[in-house]
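The residues making up each chain are set out below.
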Amino acid sequence: MTYVTIIITYILISNLVLTQFLGMCPFIGVSKNVESAVGMGFAVTFVATMATLVTWAIQAYILVPLNVTFLQTVAFILVVASLVQLVEMVMQKFAPPLYKALGLFLPLMTTNCAILGIAVIAVRANYNALESFTAGLAAGLGFLLAIFIISTIRERLDTELVPKPFKGAPIAFVTAGLMAMAFMAFDKALLNNIIG
């Protein structure tokens, strides 16, 4: 699989949020305004990128040689938790308003199944280190794209007349469903036509 194919696949075709429905909690919870959504998107991108690279190394150099691959989930969650803690400390120090805006959702990135998901997907696809890094980066950028789009739509919906039962999370889920349907237009046949 070429690097361009990996990038297009995880940004558009197999977008973790819109096609695999991983990471829906921060996707819906933080997408109320663009600023916090973009901050969360960049944080997820950084953690997903670093996590896929570190988990690839752990899988290749520790778990497989020692024949303890059954510890994969535990090891990967520890990696993700460590990276999230690092992001949290950096944000608290250098971007306090964004840190406060993200609130509870920042530490919840530890259990964000999108980050763990791309790490496991990269290992199961037998990607090498650079392919794993590329897959993590592309998955993070796909999350950033999706959360940016829904946050701009949700900001616009706040100024529109939305029936009371649909205000807030319900209209966000409807919007996410429509976005997921739109992303279904991107498929492997389109990728084959583009890349060849």
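Residues numbered from 1 in each chain as written. Predicted model: local features only at pLDDT ≥ 70, side-chain atom pairs only at ≥ 80, totals over all residues. Heavy atoms only, no water.

Enquirer: Sorry, what's going on with the packing of aromatic side chains here?
Expert: In this description, an aromatic ring pair is defined by two values, namely the gap between the centres and the angle between the planes. Summed over all chains, the structure comprises 2 aromatic pairs. Centroid distance Trp56 to Tyr61: 5.7 Å. Interplanar angle 90°. Geometry classified as edge-to-face. Looking at Tyr61, the relative accessible area reads 59%, which means it is exposed. Taking the centre distance of 5.5 Å and the plane angle of 70° together, the rings of Phe183 and Phe186 count as edge-to-face. (Phe/Tyr/Trp six-rings, centres within 6.5 Å; stacked < 30°, edge-to-face > 60°. Buried < 20%, exposed > 50% of the residue type's maximum accessible area, 1.4 Å probe, protein only.)

Enquirer: Please clarify how the packing of helix H3 (residues 34-63) against helix H7 (residues 129-157) should be interpreted in this entry.
Expert: Helices that pack against each other are described as a pair by the angle of their axes relative to one another and the distance between those axes. At their nearest, the axes of H3 and H7 sit 8 Å apart, and the two run at 165° to each other. Looking at the two axes, H3 sits roughly antiparallel to H7. In the crossing of H3 with H7, the sense of the turn from one axis to the other is right-handed. Residues that form the contact of H3 with H7 fall into these classes: 18 nonpolar, 9 polar and 1 charged. (Axes fitted to C-alpha atoms, helices over the stretch in contact; angles between N-to-C directions. Helix = DSSP H or I, 4+ residues; strand = E, 2+ residues; numbered from the N terminus. Parallel < 35°, antiparallel > 145°, perpendicular 65-115°, else oblique. Left-handed = near helix turned anticlockwise from the far one by under 90°. Nonpolar A, V, L, I, M, F, W, Y, C, P; charged D, E, K, R; others polar.)

Enquirer: Quick question: what am I supposed to make of the pattern of salt bridges here?
Expert: Pairs can form between side chains of opposite charge once their charged atoms are near each other. Counting across every chain of the model gives 1 salt bridge. With a shortest N-O distance of 3.2 Å, Arg156 and Glu160 are connected by a salt bridge. Taking relative accessible area as the criterion, Arg156 reaches 56% and is therefore assigned exposed. (Salt bridge = Lys/Arg side-chain N within 4 Å of Asp/Glu carboxyl O.)

Enquirer: How should helix H6 (residues 113-124) be read in this particular structure?
Expert: The periodicity of an α-helix, 3.6 residues per turn, causes residues three or four positions apart to be oriented the same way. The first and last C-alpha atoms of H6 sit 16 Å apart over 12 residues, in line with the 16 Å expected at 1.5 Å per residue. Buried within H6 we find Ala114, Ile115, Gly117, Ile118, Ala119, Val120, Ala122 and Val123. Buried positions along H6 lie against helix H1 (3-13), H3, helix H4 (72-94) and H7. At the C-terminal side of H6, Asn126 shows a positive phi close to 60°. (Expected span 1.5 Å × (residues − 1). Contact = heavy atoms within 4.5 Å.)

Enquirer: What's the story with the packing of H3 against H4 in this structure? I'm lost.
Expert: Axis separation between H3 and H4 bottoms out at 9 Å; the angle between their running directions is 145°. The handedness of the crossing between H3 and H4 is right-handed. Residues Gly39, Ala43, Phe46, Val47, Met50, Ala51, Val54, Thr55, Ile58, Gln59 and Leu63 of H3 touch H4, and the partners they reach there are Gln72, Ala75, Phe76, Val79, Val80, Leu83, Val84, Leu86, Val87 and Met91. The class makeup of the residues in the contact of H3 with H4 is 17 nonpolar, 4 polar and no charged.

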